[in-house]
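# Structure at a glance
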Amino acid sequence: AIVSSVRSDTQQLLKHLNDRIPTIEFSHSTPAPIKIDYKTPETLGTDRLAAAVGANNLFPNDELLVIDIGTAITIDYVCSEGEYLGGNISPGLNLRFSALHQLTHRLPLEQAQEETPAIGKTTTEAIRGGVQEGIKHELSGYIHDFIHKNRTGKVILTGGDAFFFAKTIKYPIFVVCNLAMIGLHTILDYNAENN
């Protein structure tokens, strides 16, 4: 089995599993089928790395842009030689709504809606439009720049809000909901074969 978490409370689970089957705790030092070109690999989220491995497994020998849209939005790059190059992190959809509400005195807590005007005529519409259109433009900018540099590269969306934004993106993309799981399975197989 393999365990991966970006939280720090996995010791009880690991002990439970290790008592029954051999278990790997996935970290930056776990052997993986891609190289890591990152200055601080010990700070690299295992979710980001697992998604990069999953994308590389699905699309080997391609330049890859991996966009995980969840609590945070991560934008990660894998080159055609199978090397993780790094990426960026920004707040996700619900985190942006929550921050606007919690860090201001008068803005209400809003939630995403598919039918939101690009220009708000009420504060509610302005918040939803600002957050949702902001993310859409952010993602489109990353994708545009990537495709401009890598005409045959692949763009993969994953994460809890991937389908919500997939239909708003006007570029060719792949949506793979279980990308991190594919990556973890690939890492588990890689370690089984090489140990």
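Here we summarise the structure given alongside this text. (Residues numbered from 1 in each chain as written. Predicted model: local features only at pLDDT ≥ 70, side-chain atom pairs only at ≥ 80, totals over all residues. Heavy atoms only, no water.)

### Details of the sheet that holds strand S5 (residues 72-79)
For the record, the criterion: For two strands to be treated as a pair, DSSP must find no fewer than two bridges joining them. Here a strand is any run of E in DSSP of at least two residues, a helix any run of H or I of at least four, and the numbering for each starts at the N terminus. The contact criterion used throughout is that any non-hydrogen atoms of two residues lie within 4.5 Å. In this analysis an axis means a line fitted to C-alpha atoms, helices contributing only their contacting stretch, and an angle means the value between N-to-C directions, from 0 to 180 degrees.
As summarised here, the arrangement of the six strands in space is S3-S6-S5-S4-S7-S8, forming an open sheet in which the pairing is mixed. Two strands close off the open sheet at either side, each with one partner strand: strand S3 (35-36) and strand S8 (174-175). Inspection of the sheet shows S3 paired to strand S6 (residues 83-91) by two bridges, in the parallel sense. In the sheet register, Ile36 faces S6, and the bridge partner there is Tyr84. Across the sheet, helix H2 (residues 46-58) touches S3, strand S4 (64-69), S5, S6 and strand S7 (154-158), and the angle it forms with S6 is around 130°.

### Some details on the pattern of salt bridges
Our working definition: By definition, a salt bridge exists where a carboxyl oxygen of Asp or Glu is found within 4 Å of a side-chain nitrogen of Lys or Arg. We call a residue buried when its accessible area falls under 20% of the maximum for its residue type, exposed when it is over 50%, and partly exposed in between, using a 1.4 Å probe and counting protein chains only.
Throughout the structure, instances matching the rule amount to six salt bridges. One salt bridge in this structure joins Arg128 and Glu110, with 3.7 Å as the shortest N-O distance. Of this pair, Arg128 sits in helix H4 (residues 123-149) while Glu110 sits in the loop between helix H3 (93-102) and H4, and the two are 18 residues apart along the sequence. An identical accessibility class is assigned to Arg128 and Glu110; each is buried. Across the pair Lys167 and Glu114 runs a salt bridge whose closest N-O atoms are separated by 3.8 Å. Taken together, the residues Lys167 in the loop between helix H5 (162-166) and S8 and Glu114 in the loop between H3 and H4 connect sequence positions 53 residues apart. Here Glu114 falls in the exposed class, since its relative accessible area comes to 55%.

### Thoughts on unusual backbone geometry
Non-glycine residue Asn61 carries a positive phi angle of around 65°. Inspection of the secondary structure puts Asn61 in the loop between H2 and S4.

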